[in-house]
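Working through the structure, step by step
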Amino acid sequence: MSPKIADPAVRTALLENAARLIATEGTTGLTLRRLAEETGTSTMAVYTHFGGMQSLRDEVRREGFA
């Protein structure tokens, strides 16, 4: 079995949904399980693409300033 390749579309969807949750509900609205559920993926996807929630939050901030 070959290793699963990280899908860039999932990464983008995670960022977009995280930004939306933060914008509409504040930082407390962004949880790992909720983000995975709303993105239609597993919680592991956050670790695969970002290494964890803090790195995801950092990336949302970087994208927001770009």
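Refer to the preceding data block for the structure.
What you are looking at is a predicted structure, and each value in this text was computed from that prediction instead of being measured.

Concerning the packing of helix 1 (residues 8-25) against helix 2 (residues 32-39)
With their axes 9 Å apart at the nearest point, helix 1 and helix 2 run at an angle of 120 degrees to one another. On the basis of the axis angle, helix 1 is oblique to helix 2. Here helix 1 and helix 2 pass one another in a crossing that is right-handed. Side by side, helix 1 and helix 2 meet where V10, A13, L14, N17, A18, R20, L21 and E25 of the first sit next to R34, L35, E38 and T39 of the second. Of the residues assigned to the contact of helix 1 with helix 2, the class counts are six nonpolar, two polar and four charged.

Concerning the side chain of N17
As for its position among the elements, N17 is in helix 1. A relative accessible area of 14% means that N17 is categorised as buried. Among residues more than four places away in sequence, those in contact with N17 are L35, E38 and T39.

Overview of helix 2
Looking only at helix 2, the buried set comprises L32, L35, A36 and T39. Seen along its axis, helix 2 keeps its buried residues to an arc of 95 degrees; they face one direction. Across helix 2 from its buried face, at more than 90 degrees, point the exposed residues R33 and E37. The inward-facing, buried residues of helix 2 abut helix 1, helix 3 (44-50) and helix 4 (53-65). With its phi angle positive at about 75 degrees, G40 sits one or two positions after the end of helix 2.

Points about helix 1
Residues three or four positions apart in an α-helix share a direction because the helix packs 3.6 residues into each turn. In this model, helix 1 (18 residues) spans 26 Å end to end at C-alpha, consistent with the 26 Å of a helix rising 1.5 Å per residue. Considered for burial, the residues of helix 1 that qualify are L14, L15, N17, A18 and L21. Check the buried side of helix 1 and you find it contacts helix 2, helix 3 and helix 4. Capping the start of helix 1, D7 holds a side-chain oxygen 2.9 Å from the backbone nitrogen of A9, two or three residues further along. Residue G26 follows helix 1 closely and has a positive phi angle near 80 degrees.

What counts as what
- Sequence order as written defines the numbering, with residues in each chain counted from 1.
- Two thresholds apply to this predicted model, a pLDDT of at least 70 for residue-level local features and 80 or more for giving and counting side-chain atom pairs, whereas whole-chain, interface and lining totals are computed over all residues.
- Values shown for side chains rest on all heavy atoms present in the structure; no hydrogens or waters enter the calculation.
- Interaxial angles span 0 to 180 degrees and are taken between N-to-C directions of axes, which are lines fitted to C-alpha atoms, for helices over the stretch in contact.
- For the purposes of this entry, the term helix denotes a DSSP run of H or I that reaches at least four residues, the term strand denotes a run of E that reaches at least two, and both are numbered from the N terminus.
- Oblique is the label for any angle not under 35 degrees, not over 145, and not in the 65 to 115 range, which are roughly parallel, roughly antiparallel and roughly perpendicular in turn.
- Helix crossings fall into two classes, left-handed where the near helix is turned counterclockwise from the far one by less than a right angle and right-handed where it is turned clockwise.
- In what follows, a contact means two residues having at least one pair of non-hydrogen atoms within 4.5 Å.
- Note on residue classes: Ala, Val, Leu, Ile, Met, Phe, Trp, Tyr, Cys and Pro are nonpolar, Asp, Glu, Lys and Arg are charged, and everything else, Gly too, is polar.
- To sort residues, take the accessible area from a 1.4 Å probe on protein chains only and compare it with the maximum for the residue type: under 20% means buried, over 50% means exposed, and anything in between is partly exposed.
- Working note: the arc is built from the helix axis to C-beta atom directions.
- Here the expected length of a helix is defined as 1.5 Å per residue gap, with one fewer gap than residues.
- Pairing of N or O atoms within 3.5 Å defines a polar contact, subject to two protein rules: one partner must be a possible hydrogen donor and the other a possible acceptor, and residues neighboring in sequence count only if both atoms are side-chain atoms.

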